[in-house]
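# Reading the structure
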Amino acid sequence: MIPHFSHKSNTSCSASFSEGESEQHLLGKAHLYHLLNQVTEKVELEPYFKEIAQRPDLLVEKANRLYPIEFQCSVISIPQIQKRTMGFINANMKPIWILHTPEKLKKIPQGVQKIHFSKFEEQFFTNISPEGLVLLTYDPQHQSFHYFSTLQHVLGRQYIGVHRTLPIAKQTFPFARPKFPTSSDTQVYFRIFKQMRQAFLHGVIFRNRRGINHPFLRKCYELRTNARDLPNWIGVPIPFQNPFVEHPCEWQLAFIYYIKREQKSVQFMCKKEIKNFLKTFDRPYERLIDACMSYRGFLLSIGINSWDKTINIKEEKIVASLLAHSLQSDVKIEKM
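Residues numbered from 1 in each chain as written. Predicted model: local features only at pLDDT ≥ 70, side-chain atom pairs only at ≥ 80, totals over all residues. Heavy atoms only, no water.

## Observations concerning the overall build of the chain
As a reminder, the rule being used: A run of H or I in DSSP becomes a helix once it reaches four residues, and a run of E becomes a strand once it reaches two; helices and strands are each numbered from the N terminus. Whether two residues are in contact is decided by their heavy atoms, any of which lying within 4.5 Å being enough. For the area figures, the Shrake-Rupley method with a 1.4 Å probe applies, and any residue is considered shielded solely by the protein chains shown.
Summing up its helical and strand segments, the chain has 10 helices and 11 strands in all. Taking contacts inside the chain between residues at least 6 apart in sequence as the whole, the part at least 24 apart equals 65%. On the chain, roughly 17,300 Å² of surface is accessible, and the fraction owed to carbon and sulfur atoms is 50%.

See the structure below:
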């Protein structure tokens, strides 16, 4: 028998979420229970909330606030995740999801890496200010937490981020979290991003089936430039860009194209004008404004105020500007 916690005798489990507990799920819950029992005021195992018909794996009470904790080992539907989350929130609780560390993510070396997440794994991202997107996972086999932080979306489900591990013996509550990458980490960010930028441009030039009708290539044509010769200040990693589904080369070229077409300047692109630009994307634009404002600030910081295909900026200046905008302090572990 695997050591595990059982429900109280004669209690009803009919309203609980049954997902067939695996050995890893039982072991992970046991580890988390013993950890939280040491570092919090009160922790309960699988309490049942009749009002919302939900039973979290663990419930932590800290500073008069309730934190339901779900250690998710199995794949469940996205609507289920959203329903459970909203159930807790509507009951004035702050849910925390901890994903069982997928095997593919365990194998990723620590440090700055290119990371591919599944649609399911993306559901467990948390947006922490000022660190941005963070994925917290736990590996019961090695009794360690895996952090994937400062996640920069590039294209599809490809991200660049920092991978760090933390032994459970060093964990606390609220859970520790990693801060920004170091300056040297940012150099690695930029190097990986450049490789992915080059791969995108190569693909759109040689593998797309729409030819000049491809929106990106069409804009290049109208701006009288070749995609291979795109200035290096178009297609850079920018804070708040994660809501864009397009590659940074695409939406940033569209930004410059709009400025050129409307005979504006970068300086002129206030929030009102950026909203007009974003209407061309035919989708809710509220979450895209910050990225455009950040890109505007970046362009002005390197001396770009209008379209000029002949200008390339020294890479050191671009990296320095990116550092000043977002990725600037040492990686540390800080309480949430």
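There is more to say, and it comes next.
## Brief notes about the packing of helix α7 (residues 248-261) against helix α8 (residues 271-278)
Condition: With axes taken as lines fitted to C-alpha atoms, and helix axes fitted only over the stretch in contact, angles between N-to-C directions fall between 0 and 180 degrees. Here the angle decides the label: under 35 degrees means roughly parallel, over 145 means roughly antiparallel, 65 to 115 means roughly perpendicular, and every other value means oblique. Handedness of a crossing follows from how the near helix is turned relative to the far one, being left-handed for an anticlockwise turn of less than a right angle and right-handed for a clockwise one. By the convention adopted, Pro, Cys, Tyr, Trp, Phe, Met, Ile, Leu, Val and Ala count as nonpolar, Lys, Arg, Asp and Glu as charged, and the other residues, Gly among them, as polar.
It is at 10 Å that the axes of α7 and α8 come closest, and there the two elements cross at 115 degrees. Classified by the angle between their axes, α7 and α8 sit roughly perpendicular to one another. The way α7 lies across α8 gives a crossing that is right-handed. On the side of α7, the interface is formed by Trp251, Ala254, Phe255 and Tyr258, while α8 contributes Glu273, Ile274, Asn276 and Phe277. A class-by-class count of the residues in the contact of α7 with α8 yields six nonpolar, one polar and one charged.

## What about the nonpolar core?
To be explicit about the condition: Here, nonpolar core refers to any group of buried Ala, Val, Leu, Ile, Met, Phe, Trp, Tyr and Cys residues whose side-chain atoms link them within 4.5 Å. In this scheme, a residue with accessible area under 20% of its type's maximum is buried, one over 50% is exposed, and one in between is partly exposed, where area comes from a 1.4 Å probe on protein chains only.
Formed by 45 residues in total, the largest nonpolar core has its most connected members in Phe216, Trp233, Phe255, Tyr295 and Phe298. Of all elements in the fold, only α5 (183-206), α6 (215-222), α7, α8, α9 (289-301) and α10 (315-325) reach the threshold of two or more residues within this core. At nine residues, α7 tops the list of elements feeding residues into this core. In contact with tyrosine 295, not counting residues within four places along its chain, are Trp233, Ile234, Val236, Ile238, Trp251, Gln252, Phe255 and Ile256.

## Quick look at the packing of aromatic side chains
To keep it simple, the criterion reads: Each aromatic pair joins two rings of Phe, Tyr and Trp (for Trp, the six-membered one) with centres within 6.5 Å, and gets the label stacked for planes under 30 degrees apart, edge-to-face for over 60, and tilted for any other angle. Lysine NZ or arginine CZ positioned within 6 Å of the ring centre and within 35 degrees of the ring normal marks a charge as sitting over the ring.
Scanning the model with the defined rule gives 21 aromatic pairs in all. Taking the centre distance of 6.1 Å and the plane angle of 65 degrees together, the rings of phenylalanine 71 and tyrosine 138 count as edge-to-face. With phenylalanine 71 in strand β3 (residues 65-72) and tyrosine 138 in strand β7 (residues 132-139), this pair connects stretches of sequence that are 67 residues apart. Assessed through its relative accessible area of 0%, tyrosine 138 is described here as buried. Positioned over the ring face of tyrosine 257 is lysine 219, at 5.6 Å from the centre of the ring.

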